[in-house]
Structures are given as C-alpha cells and as structure tokens.
Amino acid sequence: MNTGTELWLFTVSVAAGALGGMLGMASGIFIVPILTLWGHVDIRSAIGASIVSVIACSCSSAAPFLKGRLTNVRLAILLETATTAGALSGVLLVGTIPVSYLFFIFGVILLISAQQMLAKRRDPALAPILSLTGRSTTWRLDSTYPDRTLGRDIAYRVQRLPIGMVLMYVAGLISALLGIGSGVLKVPAMDTALRLPIKVSSATSNFMISVTAAASAGAYFVRGDIVAPVAGPVALGSVVGAILGARLLMSISNERVRLLFVVVLVALAAQMLVAAFGKDWFRGIA
Amino acid sequence: MKPIRIESLLARALNVGTWLTSIVIAAGLMLSLFHQRTPFPTAVHILTAGIGIFILLPILRVILMLIFFAKERDYKFTAAAAVVLLTIFAGLAIGILAK
C-alpha cells in the first residue's frame, strides 16, 4: 500500500463522511461503492474497511444525542439483542453468497435509501398515554424527550415491539453483509413499527449502529479480513468528514443537500447493479 | 448526591474513546507517510491497533451498560446487555475458528 493510495482513501472518505454527515447518515453507504467501483479494492476488504468507519462515525456522533436525552438507551440495548443476532447470521452467510449477489443487494439498498430521502419523514401521531399497560410498560421503555421547538418534554410510547425486533434482525444481517450501518433500515423500522418520534428514532438508531457493526467487525477483524492500510485512512477520514458535514449542514439549504444525495445514491445504485449483472449480460449477448 | 445518569456516562466514554482512537490511527498514518522508503511494519501495527480499539469501543459501551443496569437491579436489561455481549463474543469465536 503506497502513500498515494492512503491519501486517496483518506480524502475520499472525508468527502463521503461529509456528504453523509450533512444528512445525519453514516458514510458507510458510500464507502463500499466508491472503493469497489473506483478504487478497485475487492469487495470483502471494502466491506471490512466500511464497517470500521461505521463504528467510528456512530461513536463520534453519539454524545450530543445522549446529552440531549434523545437516545433511548433502554430501547437500544433491547433492540441490539436482535441487531447483533442478525449481524452474527450475516457473518456466517457472507462467505457463501456470490459477490455479484452482494453487489445486487447493495444496489437495492441504495435505491431504498434514495426513495427514503425523497419521501419526507413525518412524526407518527403520538398515541395518547392513557392506559399504560401492555408489553411496553412491563419493560419500562416509554420515555420523554425535550422538544426544543415546543419548549417542553414530549412523552412517547414504544409500540409493536415484536415487529420492531424482526426488522432489527434484518437490519443487522444487512449491516454485516454489506458493511453498512443500515440506519436506512433501522430508522423506518422505528418510525413505522415502533412509532417513535423522528428525533428519538434517529438518535437511537445512530447509537445502536456501533454495537451492531462491532458484532460483525469483531469477527472480520480476528479473521484477518480487515486490511489496516485500507481501513485506517477510511475510518479516520469518515470521522473528519462527519464532523465537517455536521458543520456544513448549518450553512447549506437542506433541500439542495437532499437532492444532491438522491442523485449520488441513484448513480451509485446504477453502477452497483451494472457490476452485479453486467458481465453475465454481456456474455449472454456475445 | 445526584446519581450519575447513564446517558452522560456513555457520552463521555464514547467521546474520549473516539478521540484516543483517532489519534492512534492518525499516528499510524503519519508514520507510514513519512517512512515510505523503508519497510515500516510498525505503522501497520499501529493502524491495526487503532482499528482494534475502535471495535472494542462499542463492546466497552455494552459492558458499561451491563454494570449500570446490574447496579440498578434492573435485571431484564442486565440480561439484555449480557445477551448482546455474548452475541458479540460468539462472533469473535466464529472469526477465530474460521481463520
């Protein structure tokens, strides 16, 4: 690994981290496509590097959410039993899945992300907290969070936990297979299944991502699948980029960033899908 | 005395951890930049150590939560944290076996 490559990896990761950070997304979703499509890194090393950067981004951005009482840590540890189980399944599966399938799944996940970026998230109608019975209260998961715009604490309930757990298992599986944080799957699970307020689901999802990723990253690391000269610059670059991105967010119009984001996601999805099918298609034609 | 809130404890741990790890990785990168002519395995070792610490950081976070819930005598959540830890360790075991 020469110096030029390390600098290139670092710079690209800063850009990916900044782009992700501007929309509160980890850079993982960009790292694997960039490394495999443009950097000619093989997909397993790319996944290994990406999963470390996912941990780095999640850990580095967790503190403000925790201090702002947006993260529901009790709910997080409960859901993490499902996400880490999913990650473990992913670790067991990853060797058996052909590379072209990985590219295909990745392309689909990128398209789902793009679709989610376009669809505006709305706060689910908060259920009136009248009858505090049922599963959620026996686990004491319901909580409150301080809403700055309203200037008071908002109480919320955690609903439909079993569906949430199933979706979290899938999110963990995809996270391990593709080396992404899969916040893109966790956040809708929390929005639509658990019916959490947006700020709470974003913060809690971000908090859970590092532990989910550690379950697969640990296995890849001891197995020797994580190439330090690739993963090191990518992890550091992502953290730097995420910090820059969060700063930039203040000064750039949110809609413009969203549009840029969607364009990048769709472009990468197209390339990943071509990489998945391309060779076989061309062979079929010839 | 006001009890320490779990949130601020975790926030501090993650913050300090991220900084320390970033410094270790930056040091490894610097070394490899300035010593490119000679074979310099130390730089790779430092980078590998940095990555290892990054992976340990969330594991440490789960251990902190486990201790906290156990102290609170909140046994359901102590159990949940223990399950998460065991799952991560199972992943490590699989990784070692598959090597």
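Keep in mind that what you see is a predicted model, and the values were worked out from it rather than measured. (Residues numbered from 1 in each chain as written. Chains lettered and ligands numbered in written order. Predicted model: local features only at pLDDT ≥ 70, side-chain atom pairs only at ≥ 80, totals over all residues. Heavy atoms only, no water.)

Draft legend 1. Region of interest: the overall build of chain A. Each helix and strand in chain A was counted, giving 11 helices and 2 strands. Helices and strands in chain A line up, N terminus first, as α-α-α-α-α-α-β-β-α-α-α-α-α. For chain A, with 286 residues in total, the buried portion stands at 56%. In chain A, of all internal contacts separated by at least 6 residues, the share reaching a separation of at least 24 is 82%. For chain A, the accessible surface area stands at approximately 11,800 Å², while carbon and sulfur atoms represent 66% of it. (Helix = DSSP H or I, 4+ residues; strand = E, 2+ residues; numbered from the N terminus. Buried < 20%, exposed > 50% of the residue type's maximum accessible area, 1.4 Å probe, protein only. Contact = heavy atoms within 4.5 Å. Areas by Shrake-Rupley, 256 points an atom, 1.4 Å probe, with all protein chains shown as cover.)

Draft legend 2. Representation of the overall build of chain B. A tally of regular secondary structure across chain B gives 3 helices and 0 strands. Whereas a compact globule of 99 residues would reach a radius of gyration of roughly 13 Å, chain B reaches 18 Å, over 25% beyond that. With respect to the principal axes defined by its C-alpha atoms, chain B has extents near 55 × 40 × 10 Å. Taking all 99 residues of chain B together, the buried fraction comes to 39%. Pairs at least 24 apart in sequence give 57% of the contacts found in chain B among residues at least 6 apart. (Rg over C-alpha atoms; globule rule 2.2 N^0.38 Å.)

Draft legend 3. Structural view of unusual backbone geometry. Positive phi is not limited to glycine here, since Arg69(A) has a value of about 60 degrees. Within the fold, Arg69(A) resides in the loop between helix H3 (43-67) and helix H4 (73-94). The exposure class assigned to Arg69(A) is partly exposed, which follows from its relative accessible area of 31%. Of note in this structure, Arg73(B) is not a glycine but carries a positive phi near 60 degrees.

Draft legend 4. Spatial organisation of the side chain of Ser175(A). Residues and elements named next belong to chain A. If you trace the backbone, Ser175 turns up in helix H7 (residues 161-178). Judged by its relative accessible area of 1%, Ser175 falls in the buried class. The residues contacting Ser175, other than those within four sequence positions of it, are Ile51, Ile180, Gly181, Ser182 and Thr212.

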